[in-house]
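One letter stands for each residue in the lines below.
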Amino acid sequence: MKVGLAIVGAFITDESMIYRAMNSGDMNFSFDEHLILIDGCPPNKSEEDKGKYRKYVENLNIISSTDYELINFDTNIYFKSMIGLITNFLDIDYWLIIQDDVVLDDLNIEEILEDMIRLDANIISFPHKKIEKSTHWFNLIEDSECGKYQKCHGWSERTFLFRTESFKKLIKKEKGGKNVNNFIDTIYNKKMKTIKWKKSSEEDKMDYWENWKCYISKDILHKHLVGKRKN
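Cut-off values and rules
Residues numbered from 1 in each chain as written. Predicted model: local features only at pLDDT ≥ 70, side-chain atom pairs only at ≥ 80, totals over all residues. Heavy atoms only, no water. Buried < 20%, exposed > 50% of the residue type's maximum accessible area, 1.4 Å probe, protein only. Helix = DSSP H or I, 4+ residues; strand = E, 2+ residues; numbered from the N terminus. Arc of directions from axis to C-beta. Contact = heavy atoms within 4.5 Å. Polar contact = N/O pair within 3.5 Å; in protein donor to acceptor, adjacent residues only side chain to side chain. Phe/Tyr/Trp six-rings, centres within 6.5 Å; stacked < 30°, edge-to-face > 60°. Lys NZ or Arg CZ within 6 Å of the ring centre and 35° of its normal.

Observations concerning helix H4 (residues 109-119)
Right, so step 1: All of the buried residues in H4 are Ile109, Ile112, Leu113, Asp115, Met116 and Leu119. One side of H4 carries all its buried residues, which in axial view fall inside an arc of 160°. What points out from H4, more than 90 degrees from its buried face, is the exposed set Glu110 and Glu114.
Right, so step 2: For H4, the elements touching its buried residues are strand E1 (3-9), strand E4 (94-99), strand E6 (123-125), strand E8 (149-153), strand E9 (159-163) and strand E10 (214-217).
Right, so step 3: One side-chain oxygen at the N-terminal end of H4 lies 3.1 Å from the backbone nitrogen of glutamate 110; it belongs to asparagine 108.
Right, so step 4: The positive-phi residue at the C-terminal boundary of H4 is aspartate 120, with phi of around 60°.

Here we look at the packing of aromatic side chains
Right, so step 1: Inspection of the entire model under this criterion finds 16 aromatic pairs.
Right, so step 2: A ring pair is formed by tryptophan 155 and phenylalanine 160, whose centres lie 4.7 Å apart and whose planes are at 65°; its orientation type is edge-to-face.
Right, so step 3: Owing to a relative accessible area of 0%, tryptophan 155 belongs among the buried residues under this scheme.
Right, so step 4: Cluster of aromatic residues (ring-pair linked, three or more members): Trp155, Phe160, Phe162, Phe167, Tyr188, Trp197, Tyr208 and Trp212.
Right, so step 5: We note lysine 151 situated over the ring of tryptophan 209; from NZ or CZ to the ring centre the distance is 4.7 Å.

See below:
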């Protein structure tokens, strides 16, 4: 089983945040891939900002050279496309994704992978707070067998662990509709806001869930540093 870690982000105002993200989670685990994915500079930026972007990438390249492979994109392709590329072109079974302005609690990757296999989960996301009742983003599903996790409709792409084979098929199939194709978690969220969803039976909703097999952690959380983007 191969497991990769990817820190995923874009041009950010507070450049220290990405280093905090890199030092969070489970740094004792022997990942098969360590990547930093930085989206391309937005095309409407001034020459001054483009220069700052190049300097940011140069600094990351120096810092990351021993531990991470830095991949920065020539064009602004957004989160979903960046994840799509690594799932299609790298031979990795599971990916841990940490957004560049997120600090993830300490966790044990080996234990969580065992849990994912036991639950037959495709996604386990680590929310910013304990989710004790349904919200507009997480619609909880009762299941007494989940233990440390909560089965739910919806998930957060800020930091999550996913099974590659299922996930790459899913994001290729699920287009998400107008204005949400840049991101992944918005697909499920937009679905839950539709009138059709609200009128659907629980059985139909669970049929949809079977495609995603989303869980959230009850104990492992993240802190969102709320990085301001230079776009």
